[in-house]
Every structure is written in C-alpha cells, then in structure tokens.
Amino acid sequence: MELAVQGSNGRGSVIVHVGATQASAVFELADHAAQVGADAISSIPPFAGGYFWDEIHAFYAELARRSALPVVAYHFPGLTGQQPTLAQLSSLLAIPNIAGLKFTDPNFYVMQRLLTRLGPEQVLYNGQDEALALGLSIGAHGGIGSTYNFMPALIVAIYRDAAAGRSAEAIATQRQVNTIIEAVLTCQIVAATKQILYWQGLIDHPTCAFPRAALSDGQQRKLRDMLAGTAIGGTLIR
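Before going into details, it helps to say that this report is about the structure given with it. None of these values were measured; they are calculated from a predicted model.

Turning to the overall build of the protein chain, a few remarks are in order. Along its length, the protein chain carries 12 helices and 6 strands. Here the C-alpha coordinates of the protein chain stretch approximately 50 × 40 × 40 Å along the principal axes. Sorting the 238 residues of the protein chain into buried and exposed places 42% on the buried side. Put simply, 58% of the contacts in the protein chain that link residues at least 6 apart link residues at least 24 apart. Of the roughly 12,300 Å² of accessible surface on the protein chain, a fraction of 54% belongs to carbon and sulfur atoms.

Tallying each qualifying case throughout the model produces 3 salt bridges. Taking the shortest distance from any N to any O, the salt bridge between Arg65 and Glu62 comes out at 2.7 Å. Here Arg65 and its partner Glu62 are both found in helix 3 (residues 53–66), 3 residues apart, which amounts to about one turn of the helix. According to the relative accessible area criterion, Arg65 is exposed, its value standing at 59%. Through salt bridges with shared partners, a single network forms among Glu62, Arg65 and Arg66.

The next thing to look at is the sheet that holds strand 4 (residues 98–103). Ordered by their spatial adjacency, 6 strands build an open sheet running 1-2-3-4-5-6, and the pairing between neighbours is parallel. Every interior strand has two partners, whereas the edge strands, strand 1 (15–17) and strand 6 (142–143), have only one. Direction of pairing for strand 3 (residues 71–75) relative to strand 4: parallel, over a ladder of 5 bridges. Looking at strand 4, one finds that Ala73 is bridged to Leu101.

Running from N to C, helix 8 (residues 152–163) and helix 9 (residues 167–184) point in directions that differ by 155°, and their axes come no closer than 8 Å. Between helix 8 and helix 9, the crossing angle belongs to the class labelled roughly antiparallel. Considering the relative orientation of helix 8 and helix 9, their crossing is left-handed. Of the residues in helix 9, those touching helix 8 at Leu154, Ile155, Ala157, Ile158, Asp161 and Ala162 are Glu169, Ala170, Thr173, Gln174, Gln176, Val177 and Ile180. Of the residues that constitute the contact of helix 8 with helix 9, the class distribution is 8 nonpolar, 3 polar and 2 charged.

Bringing helix 5 (residues 86–93) into the picture now. Among the residues of helix 5, Leu89, Ser90, Leu92 and Leu93 are the ones counted as buried. Each buried residue of helix 5 sits inside an arc of 150° when the element is viewed along its axis, so together they form one side. In this structure, the buried side of helix 5 is in contact with helix 3, strand 3, strand 4 and helix 6 (108–115).

One finds Tyr60, Ile180, Leu223 and Leu227 to be the most contacted residues of the largest nonpolar core, which totals 63 residues. Those residues in contact with Leu227 that lie beyond four places of it in its chain are Ile180, Ala183, Ile196, Trp199, Gly233, Leu236 and Ile237.

Next up on the list: the environment of Gln188. Mapping Gln188 onto the fold places it in the loop between helix 9 and helix 10 (189–199). Since its relative accessible area comes to 27%, Gln188 is described here as partly exposed. For the pair Gln188 and Ala25, spaced 163 residues apart in sequence, the C-alpha separation works out to 26 Å. Here Val190 takes part through its backbone nitrogen, which lies 2.8 Å from a polar atom of the side chain of Gln188.

What counts, and where the lines are drawn
- Residues numbered from 1 in each chain as written.
- Predicted model: local features only at pLDDT ≥ 70, side-chain atom pairs only at ≥ 80, totals over all residues.
- Heavy atoms only, no water.
- Helix = DSSP H or I, 4+ residues; strand = E, 2+ residues; numbered from the N terminus.
- Buried < 20%, exposed > 50% of the residue type's maximum accessible area, 1.4 Å probe, protein only.
- Contact = heavy atoms within 4.5 Å.
- Areas by Shrake-Rupley, 256 points an atom, 1.4 Å probe, with all protein chains shown as cover.
- Salt bridge = Lys/Arg side-chain N within 4 Å of Asp/Glu carboxyl O.
- Pairing = 2+ DSSP bridges.
- Axes fitted to C-alpha atoms, helices over the stretch in contact; angles between N-to-C directions.
- Parallel < 35°, antiparallel > 145°, perpendicular 65-115°, else oblique.
- Left-handed = near helix turned anticlockwise from the far one by under 90°.
- Nonpolar A, V, L, I, M, F, W, Y, C, P; charged D, E, K, R; others polar.
- Arc of directions from axis to C-beta.
- Core = buried A, V, L, I, M, F, W, Y, C linked by side-chain atoms within 4.5 Å.
- Polar contact = N/O pair within 3.5 Å; in protein donor to acceptor, adjacent residues only side chain to side chain.

Okay, here's the thing in structure tokens:
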C-alpha cells in the first residue's frame, strides 16, 4: 500500500481497503493508511460467523469515528449472506465521515434509490465487474473490480463512453469485458486474476496466499485457450 501511495504521486486518489475479519485489525490498518498519505479507506463489513444489522452499522460508525480518512462502506450480500433493506443501507450514508458505498448487488433499483440519498460529497461505486456499464448508466460514480487489474483500457473505455452519454459504445465494450470474465469464472477468480497478471509480467509469481490454491496446469491451459479468442487475448496471455 505504501508503494501504491508513492507510485500514484498525486495523479489520483488512493482508496485503501482495510477490511479484515477482526475489527481491531481494521482500525490498525486505517491508522496506517492515514499515516502514509492515502486519501480514503474502504472496508467490507464483518462477515465471518454472521452479524446482525445493528452490529454492522455499529462497525461502520466506529470505523468512521476513528478514521482520520473518509470511509467507503461496502454492500456485498454475496459475501456476507445478508440482504439489508434500502432503509438500512441509507442509514450508513447518514453516518458522519462515511464518504459513500461500494454496491456489489444486481439490484439496480436499490442502487438507483441509494443514489438519490447521497450527500453532495458522497459517491457510489458499482461493484459488479460484469455490469459496470449498467451501473454507470444509472448514475454510479465509478467502479471497483478485481478484473480491472488486467484489462484497465477496456474498463476506462466503458467509463469514458458512459460519462459522455455513449451508452451503445459502453455496452459494446462491456460485452467484450464479459467474454473475458466468462473465461475467468471457469476458475476461482482470485487465482485466475493472479495467473493473468503473472502472464502479463506485472507480478513475480501467481501463487495465492494459503489455503487458496493456484491454478492447476489443466486450468491454466483452459483459461489460456479461452482468453486467446477474446478481444484483447494477446495482452492477457503473452
């Protein structure tokens, strides 16, 4: 993270994800992010073992109170197994120092309703890589996604076309992106992402942190074959 802050060199805002399974670790990481010059932090909600909504709300309220940086909260029911109501999600936006929300949910009605509840300085990020163009089309301010790491040019093209009102072009590029995502989802997404970044020469090895397994030789061959036929296959597997 320190390298990321240094490397950005003021060219953009650095939002550091500080999520962890223990709140004490989250608070420690939030302090560190502020110390080294990040612009904001974000965090998944507590999820290991299951939490009630009041506990999740209390977590974000405490993180926002402690943090010297603005906080982006996460709505990610696929991870937490919980589906908070519109009123509950709106209550997060009312917490002082909550800068916005990452919305990883196919319910675009709820996303649009939340957009109407944002304060003037708050933002909402689309969280589904496969639906970035759709999220932007209804007002999301940007996106946060794992697959953006290995195909940034396509993602930036979607963002720019959506911002300029060129919805047909944004959707056409989203189709290209989704063909790549379809290939990636034949494997575990973190392992596949690291494998592609390794093929691209951007990281030194594709090994995942234990106990996440790296892709097998067979999985690598299948992924390579599927990516080869995509719009930017030559940049993904060289």
